[in-house]
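Geometric and topological summary
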Amino acid sequence: MTRSLRVVLLAVLGVSGLGVGGWAYFASEHWYRTFPGFGHHWLPVLGPYSQHLVKDVGAMYLGLAALTVFAIWKAADTTVVRLTATAWTIFNALHFAYHLQHLHMYSGSDVPLNVIALSTVLVIGAVLVLPLKGERVRT
């Protein structure tokens, strides 16, 4: 992986974190009712709205986004990038595993769209754990 690809992948995660986090934190009920948008409603089928839970999710995404912005700034530092990627990968692996167990609650295009969206961010995080081509990882 090149340094420029590393920055692009970090930017995808950062934008995702800012978008989901900002929306969930600052427009909690709207986010819950309409996420992911475009006429889809993935959250109401999973249980009742909880402002506390939704704001916590938003805050967590915003925290990951802040870490990601720092990793973009320090993209040459493999340790910072890999730590950021590890945080995203752990979150997304557990998040993906939960949703895989609850796909039966969705119908139509919502099933593959859930899998595609969740696996994409998981793969991006996992790829970012890898060092740059030719780079030695400090131990």
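Residues numbered from 1 in each chain as written. Predicted model: local features only at pLDDT ≥ 70, side-chain atom pairs only at ≥ 80, totals over all residues. Heavy atoms only, no water.

1. A word on the overall build of the chain
- If you tally the helices and strands in the chain, you get five helices and two strands.
- Each helix (α) and strand (β) of the chain, taken in turn from the N terminus, gives the series α-α-β-β-α-α-α.
- The C-alpha radius of gyration of the chain comes to 16 Å, within 12% of the 14 Å expected for a compact globule of 139 residues.
- A principal-axis box enclosing the C-alpha atoms of the chain has dimensions of 45 × 30 × 25 Å.
- In the chain, buried positions account for 35% of the 139 residues.
- Considering only intrachain contacts with a sequence separation of at least 6, the fraction spanning at least 24 residues in the chain is 66%.
- Surface exposure of the chain reaches about 7,800 Å², of which carbon and sulfur atoms provide 71%.
- Each charge sign in the chain was given a centre, from 9 positive and 5 negative side chains, and these centres are 14 Å apart. (Helix = DSSP H or I, 4+ residues; strand = E, 2+ residues; numbered from the N terminus. Rg over C-alpha atoms; globule rule 2.2 N^0.38 Å. Buried < 20%, exposed > 50% of the residue type's maximum accessible area, 1.4 Å probe, protein only. Contact = heavy atoms within 4.5 Å. Areas by Shrake-Rupley, 256 points an atom, 1.4 Å probe, with all protein chains shown as cover. Lys, Arg positive; Asp, Glu negative; His and termini not counted. Charge placed at Lys NZ, Arg CZ, Asp CG, Glu CD.)

2. Overview of the packing of helix α4 (residues 78-100) against helix α5 (residues 110-129)
- Packing of α4 against α5 brings their axes to within 7 Å, and their N-to-C directions diverge by 155°. The angle between the axes of α4 and α5 places the two elements in the roughly antiparallel class. Where α4 crosses over α5, the two elements pack in a sense that is left-handed. Mapping the contact onto sequence places Val81, Arg82, Ala85, Thr86, Thr89, Asn92, Ala93, His95, Phe96, His99 and Leu100 in α4 and Asn114, Val115, Leu118, Ser119, Val121, Leu122, Gly125, Ala126, Leu128 and Val129 in α5.
- The residue inventory of the contact of α4 with α5, partitioned by class, reads twelve nonpolar, eight polar and one charged. (Axes fitted to C-alpha atoms, helices over the stretch in contact; angles between N-to-C directions. Parallel < 35°, antiparallel > 145°, perpendicular 65-115°, else oblique. Left-handed = near helix turned anticlockwise from the far one by under 90°. Nonpolar A, V, L, I, M, F, W, Y, C, P; charged D, E, K, R; others polar.)

3. With respect to helix α3 (residues 51-73)
- With 23 residues, α3 extends 33 Å from end C-alpha to end C-alpha; this agrees with the ideal 33 Å at 1.5 Å per step.
- Along α3, the residues classified as buried are Val54, Gly58, Tyr61, Leu64, Ala65, Thr68 and Ala71. (Expected span 1.5 Å × (residues − 1).)

4. Re the nonpolar core
- Ranked by size, the top nonpolar core spans 23 residues in total, and within it Leu13, Trp31, Phe35 and Leu128 carry the most contacts.
- At the level of elements, α1 (3-26), α2 (28-34), α3, α4 and α5 are the ones that each hand at least two residues to this core.
- Setting aside anything within four residues of it in sequence, one finds Leu13 in contact with Thr68, Trp88, Val121, Ile124, Gly125 and Leu128. (Core = buried A, V, L, I, M, F, W, Y, C linked by side-chain atoms within 4.5 Å.)

5. Regarding α4
- Here α4 is 23 residues long and its end C-alpha atoms lie 31 Å apart, about the 33 Å a rise of 1.5 Å per residue gives.
- Listed as buried for α4 are Thr78, Val80, Val81, Thr84, Ala85, Trp88, Thr89, Asn92, Phe96 and His99.

6. Some words on unusual backbone geometry
- With an omega of 10°, the peptide bond running from Phe35 to Pro36 counts as cis.
- Turning to its location among the elements, Pro36 is positioned in strand β1 (residues 36-37).
- Even without being glycine, Phe38 reaches a positive phi, approximately 55°.
- On the secondary structure map, Phe38 appears in the loop between β1 and β2 (40-41).
- The exposure class of Phe38 is exposed, given its relative accessible area of 82%.

7. So, a nonpolar patch on the surface
- A cluster of nonpolar side chains, contributed by Leu5, Val8 and Val12, occupies part of the molecular surface with about 230 Å² of accessible area.
- Locating Val12 in the fold gives a position in helix α1.
- Residue class for Val12 comes out partly exposed when judged on its relative accessible area of 39%. (Patch = residues over 30% accessible without salt bridge, like charges linked within 9 Å, V, L, I, M, F, W, Y side chains within 5 Å. Salt bridge = Lys/Arg side-chain N within 4 Å of Asp/Glu carboxyl O.)

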